[in-house]
Amino acid sequence: MNAAPADQIRLLDVQALDTRLAQLAHKRRSLPEHAEIESLTKDLSQLRDLLVAAQTEESDCAREQKKAEQDVDHVRQRAVRDQQRLDSGAVSSPKDLENLQREIVSLSKRQGDLEDVVLEVMERRESAQERVEELTERVASVQAKADDATARRDRAQGELDDEAAAVTKERELVAGSVPDDLMKLYEKIRGQQGGVGAARLYQRRCEGCHIELNITEVNDVRAAAADAVLRCENCRRILVRTAESGL
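Reading guide: rules and limits
Residues numbered from 1 in each chain as written. Predicted model: local features only at pLDDT ≥ 70, side-chain atom pairs only at ≥ 80, totals over all residues. Heavy atoms only, no water. Helix = DSSP H or I, 4+ residues; strand = E, 2+ residues; numbered from the N terminus. Rg over C-alpha atoms; globule rule 2.2 N^0.38 Å. Buried < 20%, exposed > 50% of the residue type's maximum accessible area, 1.4 Å probe, protein only. Lys, Arg positive; Asp, Glu negative; His and termini not counted. Charge placed at Lys NZ, Arg CZ, Asp CG, Glu CD. pLDDT = per-residue confidence, 0-100. Core = buried A, V, L, I, M, F, W, Y, C linked by side-chain atoms within 4.5 Å. Contact = heavy atoms within 4.5 Å. Pairing = 2+ DSSP bridges. Patch = residues over 30% accessible without salt bridge, like charges linked within 9 Å, V, L, I, M, F, W, Y side chains within 5 Å. Areas by Shrake-Rupley, 256 points an atom, 1.4 Å probe, with all protein chains shown as cover. Salt bridge = Lys/Arg side-chain N within 4 Å of Asp/Glu carboxyl O.

A few words now on the overall build of the protein chain. Regarding its fold elements, the protein chain presents five helices and four strands. Going from the N terminus to the C terminus, the protein chain shows its helices and strands as α-α-α-α-β-β-α-β-β. Since a compact globule built from 247 residues should have a radius of gyration of about 18 Å, the 42 Å found for the protein chain marks it as more spread out than a globular shape. In the protein chain, which comprises 247 residues, the share counted as buried stands at 30%. For the protein chain, the separation between the mean place of its 39 positive charges and that of its 49 negative charges on side chains is 5 Å.

We now examine the confidence of the model for the protein chain. The predicted model of the protein chain averages 94 in pLDDT, with 100% of residues at 70 or higher. Taken element by element, the protein chain is modelled with least confidence in helix 2 (residues 32-88), mean pLDDT 93, and with most confidence in helix 1 (residues 5-29), mean pLDDT 97.

The next point concerns the nonpolar core. The biggest cluster of nonpolar side chains holds 22 residues, and the ones touching the most others in it are Leu11, Val14, Leu182, Met183, Tyr186 and Ile238. Those elements that provide at least two residues to this core are helix 1, helix 3 (94-176), helix 4 (180-192) and strand 4 (238-241). If we skip the residues at most four places from it in the chain, Leu182 touches Met1, Ala3, Asp7, Gln8, Leu11, Val229 and Ile238.

On to the pairing of strand 1 (residues 198-202), then. Alignment of strand 1 against strand 4, held across four bridges, turns out to be parallel. Note that in strand 4 the partner of Ala198 across the bridge is Ile238. In this structure, strand 1 lies alongside strand 2 (residues 205-206), joined through two bridges in antiparallel fashion. Paired with Tyr202 across the bridge in strand 2 is Arg205. Connecting the antiparallel pair strand 1 and strand 2 is a turn made up of two residues, with Gln203 showing a positive phi of about 50 degrees.

The next point concerns the side chain of Gln65. Structurally, the position occupied by Gln65 is in helix 2. A relative accessible area of 10% means that Gln65 is categorised as buried. With residues up to four places along the chain from it excluded, the contact list for Gln65 reads Val121, Met122 and Arg125.

What follows concerns the environment of Gly158. Mapped onto the elements, Gly158 comes out in helix 3. Considering only alpha carbons, one finds Gly158 and Arg28, 130 residues apart in sequence, at a separation of 9.5 Å.

We now examine the sheet that holds strand 3 (residues 230-231). Across the sheet, which stays open at both edges, the four strands sit in the order 2-1-4-3 with mixed pairing between neighbours. Sheet topology places strand 2 and strand 3 at the edges, where each strand pairs with a single neighbour.

On the surface, Glu123, Glu126, Glu130, Glu133 and Glu137 cluster together into a patch of negative charge. Relative to the helices and strands, Glu137 resides in helix 3. Glu137 gets classed as exposed once you look at its relative accessible area, which sits at 60%.

According to the stated counting rule, one finds 27 salt bridges in the structure shown. Between Lys67 and Asp71 there is a salt bridge, and its shortest N-O distance comes to 3.0 Å. Pair noted here: Lys67 and Asp71 are both in helix 2, with a separation of four residues, about one helical turn. Here Lys67 falls in the partly exposed class, since its relative accessible area comes to 47%. Accessibility expressed as a relative area gives 24% for Asp71, which makes it partly exposed.

Attention now moves to the pairing of strand 4. Within a regular beta strand, the side chains point alternately toward one face of the sheet and then the other, so they alternate between its two faces. Where burial is concerned, the two faces of strand 4 agree: the one with Ile238 and Val240 and the one with Leu239 and Arg241 are both buried. Note that strand 3 and strand 4 share two bridges and pair antiparallel. If you follow Arg231 over to strand 4, its bridge partner there is Ile238. Hairpin remark: strand 3 followed by strand 4, antiparallel, with six residues in the connecting loop; positive phi at Arg236, about 70 degrees.

Below, the discussion takes up the environment of Ile189. With respect to the helices and strands, the residue Ile189 is situated in helix 4. Judged by relative accessible area, Ile189 falls into the buried class, the value being 2%. Separated by 47 residues in the primary sequence, Ile189 and Arg236 have C-alpha atoms spaced 7.9 Å apart. Excluding its chain neighbours within four sequence positions, the residues that come into contact with Ile189 are Val196, Gly197, Arg231, Arg236, Arg237 and Ile238.

Okay, here's the thing in structure tokens:
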């Protein structure tokens, strides 16, 4: 294949722009905010699970407390009724009086036991409520950090996307001035060689694979026509000659 030396030089410009686009894409993928957001998201997930567990515990304690208080109220009402019967004198049988007094004592003990249960449940509920408040604050704090990291990532991505758009536009203009057959060859090689399809020959060294040409290869390059499209014998990339090729 033949192409004017100026077209081959422009191919190096295309390569430089493609390299810059690849760098921008890599930078976009490698933004430190990505790892930061991932870590914060993981922390948020764990904290929210803990918060749900604490809320569930508080809710269970609330139901348990309500049930215990209802039990206390039920026993208290029964004790009040028994005491009223005792005080009214309606029970005249000594045996019935003894049974009624015994029940009042039993109910009093039962009420005391149930009130202890209420206090124990209230303490557990208070502890659960404090845990809910603590975790709610921690979730809010981590969420704020995640929101900040997301905003920073979006700004950084926006800047990189803007630069990539400008480079892409410039690349289209430069590539449009390169002959189609040369561009097709370049694109084919670029796809095969990790994104580098053309390299400068600098001081007898291919800047694609960084290997210096041997004397035979140097002589072949010297003998080649100025418009000949050369390939590196080692990496097979398009080898572009310049005034600094050392020939």
